[in-house]
Amino acid sequence: MTAFRFDNSYARLPANFYARVEPTPVAEPWLIKLNRPLAGELGLDAEALERDGAAIFSGNLVPKGAEPLAMAYAGHQFGTFVPQLGDGRAILLGEVIDAGGRRRDIQLKGAGQTPYSRRGDGRAALGPVLREYIVSEAMHALGVPTTRALAATVSGQPVYREQILPGAVFTRVAASHIRVGTFQFFAARGDVESIRTLADYVIDRHYPELKTNEKPYLALFKAVAARQAALIARWLHVGFIHGVMNTDNMTVSGETIDFGPCAFMDDYDSKAVFSSIDQFGRYAYSNQPAIGQWNLARLAETLVTLFDPVADTAVNLANDALGEYGTIFQKHWLDGMRRKIGLFTDEDEDLDLVQSLLTLMQNGKADFTLAFRRLAASAENAAADKELASLFEEPQALSPWLEQWRRRVEREPPPATERAAAMRSVNPAFIPRNHRVEQAIAAATEDADFSLFEALLDVTSRPYEDQPGHAAYAAPPEPGEEVLQTFCGT
Ligand code: AMP
Ligand code: MG
């Protein structure tokens, strides 16, 4: 049997941090996919796992050294506080130190009920498992911090949702699964000692450079805020909408987590919402930075008493730190947008230039991904402008912007080929387009055909390369193919 070199630091934390629970075996596990490069990174024997991994990745066989547990957490769901959530269908097997010396969680999602399941069955349906696999790996390939997909198995038993669906188990790898909601769990119970223990653990695990800081807990809060600011800016750069930015779905490590009703936009629309449960657009594309700040304010509330012994001083420190988040976000966002339009230097008017392009894209219903990718071709040769402009409902509306952009670009020395190459390295040709994700899920669910899933994984693993053989995957949906709503993973 494949050896996992577990070293389970979370299991060594006090018993009120989690509930020990074994996965519930499934009927007939079958391995859909193993992420071989990731397995290698984790020091696992990929070949052996391809043979006998189904039992492990479905929860039927607990590998030696694992200490399975469900983590306790709370969270604000769409603004409403729920004092007890926790891993209701996820079980942490343990942690391994990877080839780069980084500690990584290995968790099974859909592995059966836990003490936190409330009325849920502890299971996952095949569709959401495949979506999380595809989208998290695509995010990684795009260079966005994210949890990873190590494996997917079908369970051989049905799950009962609105319909009867094939069941599946997803194996997730994360820097950790500690969320804003983990801190809220203890804050809701007035348990300051546990908050301090958790904060010390997070500093040790994710921010060791802060250990000697004069105010380590304030420094921790600022560091988490800075990572979230950088992360959410990256989401915006690739047109990603998380869909459920509840505080229990926000990590303190700065990785994207919990890919439920998430989606990448096709046409640019700053108000885009896909999630069927997001009735009021709380988690719309352009609201994400502000929601990030709202969530961080909830984190600050749990830590504030540790910032300073004088209450007023502590609150002022928290508010100042929250204010810095906006500045840090804006800098990351604008730097990234500059790169997307091919700029190497900073000028004051750049913000206007970026914003006026986005306004044109919004009004002209231009495809977000294709527009930036084609702009790279325009940087090389104005003859390509026509193809770019054709993405807009009124192609001629783009001309004044293109003139202004060329005047700006010509003030910089790099030659056109270098600029175009730089643009192609940040503007993907391939994203996991929603309709492709849905097609892959439908084929797998209805016909046990995983070929579309494999093809989509393959093409989105090299998002910045032109792959002429896969041009169809770069295309937006045809009329009638658009996906208007996505559904939660439950
Ligand atoms: P999520 O929407 O996946 O972020 O989950 C929100 C909360 O609901 C978490 O506490 C989950 O563990 C729990 N949950 C979601 N689906 C299930 C399920 N099928 N069985 C038990 N708990 C679930
Ligand atoms: Mg969640």
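For clarity, every value in this text was computed on a predicted model and none was experimentally measured.

Caption draft 1: Representation of the domain arrangement of the protein chain within the structure. According to the domain assignment, the protein chain consists of domain 1 (10-177) and domain 2 (181-339). Of note, the centres of domain 1 and domain 2, computed from C-alpha atoms alone, are 23 Å apart. Contact with domain 1, which involves 38 residues of that partner, is made by 40 residues of domain 2. For the pair domain 1 and domain 2, the summed buried surface comes to about 3200 Å²; carbon and sulfur atoms form 62% of the total. For the pair domain 1 and domain 2, the number of links is four salt bridges. Asp-105 is the partner of Arg-205 in a salt bridge, and the nearest nitrogen-oxygen pair spans 2.7 Å. At the surface where domain 1 touches domain 2, the tally comes to 16 residue pairs in polar contact (both at pLDDT 80 or more). Counting residues per element, the ones that place at least two in the side of domain 1 that touches domain 2 are strand S4 (75-77), strand S7 (103-109), helix H3 (126-142) and strand S10 (164-174). For the side of domain 1 that touches domain 2, the leading source of residues is H3, giving six residues. Looking at side-chain class alone, the side of domain 1 that touches domain 2 contains 18 nonpolar, twelve polar and eight charged residues.

Caption draft 2: Structural context of the coordination of the magnesium ion (ligand 2). Around the magnesium ion (ligand 2), the protein supplies Asn-249 (OD1) and Asp-258 (OD) as donor atoms, at distances of 1.9 to 2.1 Å. Both residues of the pair, Asn-249 and Asp-258, count as buried.

Caption draft 3: Fine view of the packing of aromatic side chains. Enumeration over the complete set of coordinates arrives at 19 aromatic pairs. Where Phe-185 meets Phe-186, the ring centres are 5.2 Å apart and the plane angle is 90 degrees; that geometry is what we call edge-to-face. Like Phe-186, Phe-185 is buried. For the pair Trp-401 and Trp-405, a centre-to-centre distance of 5.8 Å together with 10 degrees between the ring planes defines the contact as stacked. One end of the pair, Trp-401, and the other, Trp-405, are both in helix H12 (residues 399-409), four residues apart, so they sit about a helical turn from each other. Chaining the aromatic ring pairs together yields one cluster made of Tyr-10, Phe-17, Tyr-18, Phe-185, Phe-186 and Tyr-201. The ring of Phe-185 carries Arg-189 above its face, with NZ or CZ at 3.7 Å from the centroid. The positively charged end of Arg-282 is found above the aromatic ring belonging to Trp-294, 4.7 Å away from the centroid.

Caption draft 4: Representation of the environment of Trp-333. In this fold, Trp-333 is placed in helix H8 (residues 311-340). Once the C-alpha coordinates of Trp-333 and Leu-231 are considered, the two residues, 102 residues apart in sequence, prove to be 9.7 Å apart. With residues near it in sequence (within four places) discarded, Trp-333 still touches Ala-233, Leu-236, His-237, Leu-351, Val-354, Gln-355 and Leu-358.

Caption draft 5: Broad picture of the nonpolar core. One finds Tyr-10, Leu-150, Phe-183, Ile-341, Met-361 and Trp-405 to be the most contacted residues of the largest nonpolar core, which totals 129 residues. The biggest single contributor to this core is helix H6 (residues 216-238), with 15 residues. Split by domain, this core shows at least three residues from each of two domains, domain 1 (10-177) and domain 2 (181-339). Residues within four places of Trp-405 in sequence aside, it is in contact with Ile-341, Leu-353, Leu-375, Ser-378, Ala-379 and Met-423.

Caption draft 6: Unusual backbone geometry, seen in detail. The backbone of Phe-78 sits at a positive phi, close to 50 degrees, despite the residue not being glycine. Not every positive phi belongs to a glycine, and Lys-365 is a case in point at roughly 50 degrees. With respect to the secondary-structure elements, Lys-365 resides in the loop between helix H9 (350-364) and helix H10 (368-380).

Caption draft 7: Representation of the packing of H3 against helix H15 (residues 451-460) within the structure. Here H3 crosses H15 at 15 degrees, and the two axes come no closer than 9 Å. Of the possible angle classes, the one that applies to H3 and H15 is roughly parallel. Relative to H15, the crossing made by H3 is right-handed. Every residue of H15 that contacts H3 at Leu-130, Tyr-133, Ile-134, Glu-137, Ala-138 and Ala-141 is listed here: Phe-453, Leu-456, Leu-457 and Thr-460.

Caption draft 8: Summary view of the packing of H6 against helix H7 (residues 288-303). Contact geometry of H6 with H7 gives a least axis separation of 10 Å together with a crossing angle of 165 degrees. Looking at the two axes, H6 sits roughly antiparallel to H7. Relative to H7, the crossing made by H6 is right-handed. Counting all contacts with H6, which are made through Phe-221, Val-224, Ala-225, Gln-228, Ile-232, Trp-235 and Leu-236, the residues of H7 involved are Gln-288, Pro-289, Gly-292, Leu-296, Leu-299, Ala-300 and Leu-303. A breakdown of the residues in the contact of H6 with H7 according to their chemical character gives eleven nonpolar, three polar and no charged.

Caption draft 9: View of a negative patch on the surface. Taken together, the side chains of Asp-267, Glu-393, Glu-394, Glu-478, Glu-481 and Glu-482 make up a negatively charged region of the molecular surface. Checked against the element boundaries, Glu-482 lands in the segment after H15. Residue classification places Glu-482 among the partly exposed positions, given a relative accessible area of 44%.

What counts and what doesn't
- Residues numbered from 1 in each chain as written.
- Chains lettered and ligands numbered in written order.
- Predicted model: local features only at pLDDT ≥ 70, side-chain atom pairs only at ≥ 80, totals over all residues.
- Heavy atoms only, no water.
- Domains from an automatic or database assignment.
- Contact = heavy atoms within 4.5 Å.
- Buried area = accessible area lost by both parts, 1.4 Å probe.
- Salt bridge = Lys/Arg side-chain N within 4 Å of Asp/Glu carboxyl O.
- Polar contact = N/O pair within 3.5 Å; in protein donor to acceptor, adjacent residues only side chain to side chain.
- Helix = DSSP H or I, 4+ residues; strand = E, 2+ residues; numbered from the N terminus.
- Nonpolar A, V, L, I, M, F, W, Y, C, P; charged D, E, K, R; others polar.
- Donors = N, O, S within 2.8 Å, 3.2 Å for Na, K, Ca; no water.
- Buried < 20%, exposed > 50% of the residue type's maximum accessible area, 1.4 Å probe, protein only.
- Phe/Tyr/Trp six-rings, centres within 6.5 Å; stacked < 30°, edge-to-face > 60°.
- Lys NZ or Arg CZ within 6 Å of the ring centre and 35° of its normal.
- Core = buried A, V, L, I, M, F, W, Y, C linked by side-chain atoms within 4.5 Å.
- Axes fitted to C-alpha atoms, helices over the stretch in contact; angles between N-to-C directions.
- Parallel < 35°, antiparallel > 145°, perpendicular 65-115°, else oblique.
- Left-handed = near helix turned anticlockwise from the far one by under 90°.
- Patch = residues over 30% accessible without salt bridge, like charges linked within 9 Å, V, L, I, M, F, W, Y side chains within 5 Å.
- Areas by Shrake-Rupley, 256 points an atom, 1.4 Å probe, with all protein chains shown as cover.
- Lys, Arg positive; Asp, Glu negative; His and termini not counted.
- Charge placed at Lys NZ, Arg CZ, Asp CG, Glu CD.

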